[in-house]
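Architecture at a glance
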Amino acid sequence: MQEMMKNRAKALLADGTVSRVIGWRRGEFSYDVTPAVFETAEELERDFVFDAFCGANVSKYLIRESAKDGGRILAFLKPCDAFSFNQLLAEHRVRRENVYLIGIPCAGKADIDRIKKAGIDGVLGIAEDGEDFVVSTVYGEERVKQADVLAERCLACKSKRHPVYDELLGEEGEDLPDDVRFAGVAKLETMTAEERFDFWRSELSKCIRCNACRNVCPACTCENCVFDNPDSGISQKTAADPFEENMYHIIRAFHVAGRCTDCGECSRVCPEHIPLHLLNRKFIKDIDELYGTYRAGEDDGTKNPLTSYTEGDAEASVVRERGRA
Amino acid sequence: MNSETLIPHAVVVEDVRIDTPDVKTFRVLTREGEKPFDHLPGQCAMISIPGVGEGMFSITSSPTNRAYMEFSIKKCGHLTNWLHMLEPGMEVTVRGPYGRPFPVEEDLLGKDLLFIAGGIGLAPLRAVINYVRDNRENYGDVQIIYGARSKDDLVDYAEILDEWQTSPGVEVDLTIDREQAGWAGHVGFVPNYVKELNPDRGKTVLVCGPPIMIKFTVAGLTELGFAPEQIWTTMELRMKCGIGKCGRCNIGAKYVCKDGPVFRYDELGELPDEY
Amino acid sequence: MKFLKRTDLDCFLTAAAEHRTIYVPIDEEPNKSAYRRYKPRTPVSQGLKTTRSAKDFFFPQTENLVGFRIEDKKIKILDPRTEHEDFAVFGVRACDARSFGILDKVFLSEPVDTYYQNRRAHGLILTMTCRRPAETCFCTAFGIDPASPEGDIVFTETADGWYIEPKTEGGRDFLAPLEEFLEERDEGGAEEAKARTRETMEKLPLAGLKTDSFGGGKTKELFDRPEWASLSEACIGCGTCTFVCPTCQCYDIRDYDTGREVRRFRCWDSCMYSDFTKMAGGNPRLTQKERFRQRFMHKLVYFPENNGGEFGCVGCGRCLASCPIHMNIVKVMKTLSEGQDEQ
């Protein structure tokens, strides 16, 4: 797939369809790839990489990149990245005409933390071998099943289908059932309020307020976030007490409700491994149940059920009743 | 436990003088009626209103003034809006003094001095001007070129007219940006006025004002033949601690709060262009 | 040489905890640990590093500096400082141990930061050699020997326990009441363990990382390098690298009104944040490129310039492991060094 992508990118650069390519640049080890913009075939040849560790969602960078003049940018989007892009399009945050989208298939991305959790460290290189990763380390060679080290969001994948693209590389996939995806939320729902509160307190108390979840989130695109604005009256630089720890994440979850495409970047980047996706997924599940199945990023014209009124909308009393059940 | 510089002292605002539509000068004293601490001209202090915030301001009064300390503050943000609501008798906190002063007892001794200020930029220079006036025998001629948007925006206008212009060996050249009724003096921007006045090349220059004004003034001075080693200025960047530890006011390896705010122009030239 | 058997660690720490509070790394999940107050029979993490560094012990993420209460229109100043309790941090690695020296240069230089000084005066550092360094480790680039860490007591780890060497008066006092848990062993085992650590370090992918292109006085060569643009292009401007870093010490000071009093607190801040240098009148670091450059210039040029050549990085590798987009000081150093060679 990497070679196909490289060749296609070079061809589109050569024929002038695009002037830049956003992809992933090779790192020091096998897993530390960095999103990068490539401008020449030589750069692509030298540094462009696409493998199981290219999990970073590049669609948010397209806000900045599509605002630039000087030609279109080529972006390779995995299905979940394409949902994010489409949602940004719906919110008029990207200039579609400046982006050329190639949908690429995704079999799930590996999570280096899961490899490390298996006790593997001193990584020198990771190679794919059939269904396994062969990890060479300073302490010897290790073998893990790829399926065992997939990122959580990939185990709970919502769709292998690209809701938007200009062309596709490889086979187009299909939507996947939501039961796996909502299993974590369903488990939280069976807890008592106290248990749930304790669960979130224990998780959110780890927060170091690095803002990685917010800054990486494709739905968090405010020019000036309330938490950064000294005039907002609630700007906070640190979670000085439990209340503030909670509020930051709760306010953020509310703000992206109905717009979050469940790309899972928040949980991927959290240095403290807080399962932030559960907050967003709870909203998605509730929206599905109260207003009918809805996928943010499904198409660029869909009205978010939380911001569009219909006569059949769930009344406040209905929401409350269901919350009680 | 040792004393801690980050813990400030409460002081009483003794007097509030309205200088211009957006500049007020605050006179502060300890509750015992004394000057809060000693300083050198060009040094700063952190002033705060608890609950609102803390900010770095240059001390406008001269160290030779033993009775009180003054700060001329322009209204331009959250904290300064609150400071402008202060009335005599109210309290604020101060800590300091911080930073490197103008070298009044070293490089400036015996020199002819040229002060160039724009707008609120007169505030840090006022301490030096009055220090020099009070130690007149130690310095040569003094020329002050001061400009503001309008006559009403000239800070310390009364002091300039009543005291500076009448001081022996002190020349004051005022200018405002645009023609104004009741103004018979010079009209035009400071950098141009400096070139017109064509000051003597032997003078040591102290310049302070908005960054853009400093830039053009220094360019003009260079054109006239002044060397960067003859020019002193002050910098202003966002500060929190005032003691070179919180990490935000650096230009390259220098901290404005600790290694500045006063810099000689050739020293600034050695620093990266990030201010 | 004194030796503590692995099986005796719990008794040793339990007895030590009677004299002062002990903090140890505890596993929160596999390969993820954090310092916690030691409680008897809690297993100590076998992992290499805690997710957060040990700087929190001396420079916590948030702390009150001063309080204010308005009484009769007068401002009453409340000094919140109290003498800190005695404590010891167990299992600190050589990188983190060095970081305290770097923080000391900031906080203990005049005017001394008494909040930091207070904690530092009451804290003992019990360091441990690294048996299984990770691929992200590069402490040796900064002259740190993970087989011979600084600290009040050095624990040289072997398969069945630790050789113990007190290095300071405080370390010796700490061990005095704990002699019964230690046995005498030939120090050959310690030397063997140290040799193995050093051998492993040489095999790691970042062994041989060069610092020649950096240091005090290099501002002019490095500040305007074009590579900053591509290095910073993917940076999302979060503070992860800053907050997991053992040497990052920039802070913000803010006021919080509790209703009864105003608390002026300080909290960690990050030069990567857009509002870090923002003023009413403008911002000298307008884009992420300038903010990104500041972080690395500070560690690799400005800090050594002001501190006798010492770099502001200890090579712990936390930023390599935590950065959401895997951009880090190693990539910066390699890219700028390579460009240097070409010039």
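Just so it is clear, the model here is predicted, and its values are computed rather than measured. (Residues numbered from 1 in each chain as written. Chains lettered and ligands numbered in written order. Predicted model: local features only at pLDDT ≥ 70, side-chain atom pairs only at ≥ 80, totals over all residues.)

Time to look at the overall build of chain C. The helix and strand tally for chain C stands at 11 helices and 12 strands. For 343 residues, the compact-globule formula gives about 20 Å, and the C-alpha radius of gyration of chain C, at 22 Å, lands near that figure. Residue burial in chain C is summarised as follows: out of 343 residues, 50% are buried. (Helix = DSSP H or I, 4+ residues; strand = E, 2+ residues; numbered from the N terminus. Rg over C-alpha atoms; globule rule 2.2 N^0.38 Å. Buried ≥ 20, exposed ≤ 12 C-beta atoms within 10 Å, placed from the backbone.)

What follows covers the overall build of chain A. Secondary structure assignment for chain A yields 13 helices and eight strands. In terms of principal-axis extent, the alpha carbons of chain A reach across some 60 × 50 × 40 Å. Of the contacts formed within chain A by residues at least 6 apart in sequence, a portion of 67% connects residues at least 24 apart. (Contact = placed C-beta atoms within 7 Å.)

What follows is about the pairing of strand 2 (residues 23–29) of chain B. Residues and elements named next belong to chain B. Among the seven residues in strand 2, five count as buried, and that is most of the element. Following strand 1 (residues 9–20), the chain reverses through two residues before pairing antiparallel with strand 2. Sheet topology places strand 2 next to strand 5 (residues 69–74); six bridges connect them, and they run antiparallel. Paired with Val23 across the strands is Lys74, a residue of strand 5. (Pairing = 2+ DSSP bridges.)

Next up on the list: the nonpolar core. Ranked by size, the top nonpolar core spans 260 residues in total, and within it Ala75 of chain A, Leu206 of chain B together with Val89 of chain C carry the most contacts. Those residues in contact with Val89 of chain C that lie beyond four places of it in its chain are Tyr23, Tyr35, Ala54, Phe57, Gly123, Ile125 and Leu126 of chain C. (Core = buried A, V, L, I, M, F, W, Y, C linked by C-beta atoms within 7 Å.)

When the domains of chain A are assigned, the result is domain 1 (1–108 + 156–175), domain 2 (112–149) and domain 3 (177–325). Centre-to-centre separation of domain 2 of chain A and domain 3 of chain A, based on C-alpha positions: 33 Å. (Domains from an automatic or database assignment.)

Before going further, it helps to examine the confidence of the model for chain C. Averaged over every residue, the pLDDT of chain C is 95; residues scoring 70 or more account for 99%. Scored by ipTM, the complex comes to 0.92, with pTM at 0.93. (pLDDT = per-residue confidence, 0-100.)

Take helix 1 (residues 9–16) of chain C next. Residue and element names in this part refer to chain C. Residues of helix 1 that are buried include every one of Phe12, Leu13 and Ala16, and no others. Seen along its axis, helix 1 keeps its buried residues to an arc of 90 degrees; they face one direction. Packed against the buried residues of helix 1 are strand 1 (2–5), strand 2 (21–29) and strand 6 (87–92). (Arc of directions from axis to C-beta.)

What follows covers helix 4 (residues 79–90) of chain A. An α-helical turn contains 3.6 residues, so any two residues separated by three or four positions project in the same direction. Residues and elements named next belong to chain A. For helix 4, spanning 12 residues, the distance from its first C-alpha to its last is 17 Å, which sits close to the expected 16 Å at 1.5 Å a residue. The buried fraction of helix 4 amounts to 11 of the 12 residues, a majority that puts the element mostly inside the structure. All of the buried residues along helix 4 are Pro79, Cys80, Asp81, Ala82, Phe83, Ser84, Phe85, Asn86, Gln87, Leu88 and Leu89. The inward-facing, buried residues of helix 4 abut helix 3 (61–66), strand 3 (73–77) and strand 4 (99–103). Positioned one or two residues after helix 4, His92 has a phi angle of 55 degrees, which is positive. (Expected span 1.5 Å × (residues − 1).)

Moving on to the interface of chain C and chain B. Tallying the contact residues gives 39 residues for chain C and 32 residues for chain B. Put simply, the parts of the chain that give the side of chain C that touches chain B at least two residues each are strand 4 (62–71), strand 5 (74–78), helix 2 (94–107), helix 6 (219–223), strand 11 (251–257) and helix 9 (288–306) of chain C. Here the residues of the side of chain C that touches chain B sort into 21 nonpolar, six polar and 12 charged. (Nonpolar A, V, L, I, M, F, W, Y, C, P; charged D, E, K, R; others polar.)

So, on to the domain arrangement of chain C. Residue and element names in this part refer to chain C. The assigned domain composition of chain C is domain 1 (2–203) and domain 2 (219–342). Relative to domain 2, the C-alpha centre of domain 1 lies at a distance of 25 Å. In this complex, domain 1 contributes 33 residues to the contact, which on the side of domain 2 involves 27 residues. Elements supplying a minimum of two residues to the side of domain 1 that touches domain 2: strand 4 and helix 2. Residue composition of the side of domain 1 that touches domain 2, by class: 17 nonpolar, eight polar and eight charged.

Quick look at the environment of Val172 of chain B now. Residue and element names in this part refer to chain B. Structurally, the position occupied by Val172 is in strand 9 (residues 170–176). Separated by 37 residues in sequence, Val172 and Gly209 place their C-alpha atoms 17 Å apart. The contact partners of Val172, leaving out residues within four places of it in the chain, are Ile144, Ile160, Trp164 and Gln165.

All names here are of chain B. Here helix 4 (residues 190–197) crosses helix 5 (residues 211–224) at 20 degrees, and the two axes come no closer than 8 Å. Overall, the two elements helix 4 and helix 5 adopt an arrangement that is roughly parallel. Taken as a pair, helix 4 and helix 5 cross one another with a handedness that is right-handed. Residue-level contacts link Val190, Pro191, Val194 and Lys195 of helix 4 to Met213, Phe216, Thr217, Gly220, Leu221 and Leu224 of helix 5. (Axes fitted to C-alpha atoms, helices over the stretch in contact; angles between N-to-C directions. Parallel < 35°, antiparallel > 145°, perpendicular 65-115°, else oblique. Left-handed = near helix turned anticlockwise from the far one by under 90°.)

Moving on to the interface of chain A and chain C. Contact residues are listed per partner, giving 32 residues for chain A and 42 residues for chain C. Of all the secondary structure elements, the ones that give two or more residues to the side of chain A that touches chain C are strand 2 (34–38), helix 5 (112–117), strand 5 (123–129) and helix 9 (212–216) of chain A.

Residue and element names in this part refer to chain A. Between helix 10 (residues 242–256) and helix 12 (residues 277–291), whose axes approach to 10 Å, the crossing angle comes to 40 degrees. What the angle tells us is that helix 10 and helix 12 run oblique. By crossing handedness, the relation of helix 10 to helix 12 is classed as right-handed. Facing helix 10, whose interface residues are His249, Ala253 and Val256, helix 12 presents Leu279, Asn280 and Phe283. Of the residues that constitute the contact of helix 10 with helix 12, the class distribution is four nonpolar, two polar and no charged.

What follows covers the pairing of strand 4 (residues 53–58) of chain B. Residue and element names in this part refer to chain B. Most of strand 4 sits inside the fold, with five of its six residues counted as buried. Pairing geometry for strand 3 (residues 44–49) and strand 4, over six bridges, is antiparallel. Paired with Ser48 across the two strands is Glu54, which belongs to strand 4. Here strand 3 folds back onto strand 4 in antiparallel fashion, the turn holding three residues, of which Gly51 has a positive phi close to 95 degrees.

A word on the sheet that holds strand 10 (residues 183–184) of chain C. Residues and elements named next belong to chain C. Read from one edge of the open sheet, eight strands run 3-2-6-7-8-9-1-10, paired in mixed fashion. Strands with a single pairing partner mark the edges of an open sheet, and in this sheet they are strand 3 (32–37) and strand 10. Relative to strand 10, strand 1 runs antiparallel, the two sharing two bridges. Bridged to Phe3 within strand 10 is Glu183. Contacts from helix 2 reach strand 6 and strand 7 (123–128), with the element oriented near 145 degrees to strand 7. Most of the contacts of helix 5 (residues 188–203) go to strand 8 (residues 153–158), to which it runs at about 80 degrees, and overall it touches strand 8 and strand 9 (161–166).

Here we come to the environment of Phe303 of chain C. Residue and element names in this part refer to chain C. Assignment of secondary structure puts Phe303 in helix 9. Classification of Phe303 by C-beta neighbours within 10 Å gives buried; the count is 22. Residues Phe303 and Ile102 lie 201 residues apart in sequence; the distance between their C-alpha atoms is 9.3 Å. Setting aside anything within four residues of it in sequence, one finds Phe303 in contact with His298, Phe311 and Gly312.

What follows deals with unusual backbone geometry. All names here are of chain B. Residue Gly96 is joined to Pro97 through a cis peptide bond whose omega torsion reads 0 degrees. Mapped onto the elements of the fold, Pro97 is located in strand 6 (residues 91–98). The phi dihedral of Asp156 falls on the positive side, at around 60 degrees, and the residue is not glycine. Relative to the assigned elements, Asp156 resides in the loop between strand 8 (142–148) and helix 3 (157–164).

All names here are of chain B. Note that Pro21 resides in the loop between strand 1 and strand 2. The class for Pro21 is exposed, based on 11 C-beta atoms found within 10 Å. For Pro21 and Asn138, which are 117 residues apart along the polypeptide, the C-alpha to C-alpha distance reads 36 Å.

The next subject is the sheet that holds strand 5 of chain A. All names here are of chain A. The three strands lie next to each other as 5-6-7, forming an open sheet whose pairing is antiparallel. The sheet is open, and its two borders are formed by strand 5 and strand 7 (140–145), each paired with just one other strand. Direction aside, neighbouring strands of the sheet carry axes that sit 20 degrees apart on average. Where strand 6 (residues 132–137) and strand 7 come together, six bridges link them in antiparallel fashion. Note that in strand 7 the partner of Ser136 across the bridge is Glu141.

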